[in-house]
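These are the residues of each chain, in order.
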Amino acid sequence: MASTGVNVLRWSALAAGVFYGFSHQRKIYASQRAEHDKHEYERKQKLIDQAKAEYAKEHAPASTATAKNDAVFDVNDPKFDLEQFLLKLSKESP
């Protein structure tokens with residue numbers, strides 16, 4: 001049989017190994033969770049940026065949409081733009 005000193009050494013090594021394994025696993029888990037949280041934040045931020053871009057595209061000011069000389073100057077047309085018509089008249093006859 002092994003002596004008492006060898007048994008104490010074996011049990012101490014076992015306890016140290018279990019403690020090391022537990023602490024090492026916690027570090028690995030924490031780093032993986034932090035990386036996952038970072039990726040999740042970046043994914044959500046990307047979605048928010050896309051939503052902001054879509055919202056800005058849909059709710060663009062009317063002046064930028066009609067500034068292209070695409071304005072309709074026919075008074076009977078439902079898309080008639082009085083402001084653009086008056087600006088055109090003021091440019092033509094100063």
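Everything below is about the structure printed above this text.
To keep things clear, this report deals only with the structure shown in the data block. Treat the numbers as computed from the prediction; the structure is a model and nothing was measured.

What the chain contains, in helices and strands, is 3 helices and 0 strands. When its helices and strands are written in sequence order, the chain yields α-α-α. Expressed as a percentage of its 94 residues, the buried residues of the chain come to 2%. About 8,700 Å² of surface is accessible on the chain, with carbon and sulfur atoms providing 61% of the total.

A few words on a nonpolar patch on the surface. Together, W11, L14 and V18 make up a nonpolar patch on the protein surface, roughly 370 Å² of accessible area in all. Within the element layout of this structure, L14 appears in helix 1 (residues 4-58).

Attention now moves to the packing of aromatic side chains. Following the criterion strictly, the structure yields 1 aromatic pair and no others. Here F80 and F85 contribute two aromatic rings whose centre-to-centre distance is 5.7 Å and whose plane-to-plane angle is 55°, an arrangement assigned as tilted. Note on F80: relative accessible area 22%, which makes it partly exposed.

About the thresholds
Sequence order as written defines the numbering, with residues in each chain counted from 1. Two thresholds apply to this predicted model, a pLDDT of at least 70 for residue-level local features and 80 or more for giving and counting side-chain atom pairs, whereas whole-chain, interface and lining totals are computed over all residues. Water and hydrogen atoms play no part in the side-chain values, which are based on all heavy atoms of the structure. Helical segments are the DSSP runs of H or I of at least four residues, strand segments are the runs of E of at least two, and each set is numbered from the N terminus. When a residue's accessible area, from a 1.4 Å probe over protein chains only, is under 20% of the maximum for its type it is buried; when over 50% it is exposed; and in between it is partly exposed. For accessible areas, the Shrake-Rupley method is used with a probe of radius 1.4 Å. Any residue's cover is judged against the shown protein chains and nothing else. Exposure above 30% relative accessible area and the absence of a salt bridge qualify a residue for a patch, where like charges join within 9 Å and nonpolar side chains (Val, Leu, Ile, Met, Phe, Trp, Tyr) within 5 Å. We count a salt bridge whenever a side-chain nitrogen from Lys or Arg sits within 4 Å of a carboxyl oxygen from Asp or Glu. The pairing test for Phe, Tyr and Trp rings, Trp by its six-membered ring, is centres within 6.5 Å, and the orientation test on the planes gives stacked under 30 degrees, edge-to-face over 60, and tilted for anything in between.

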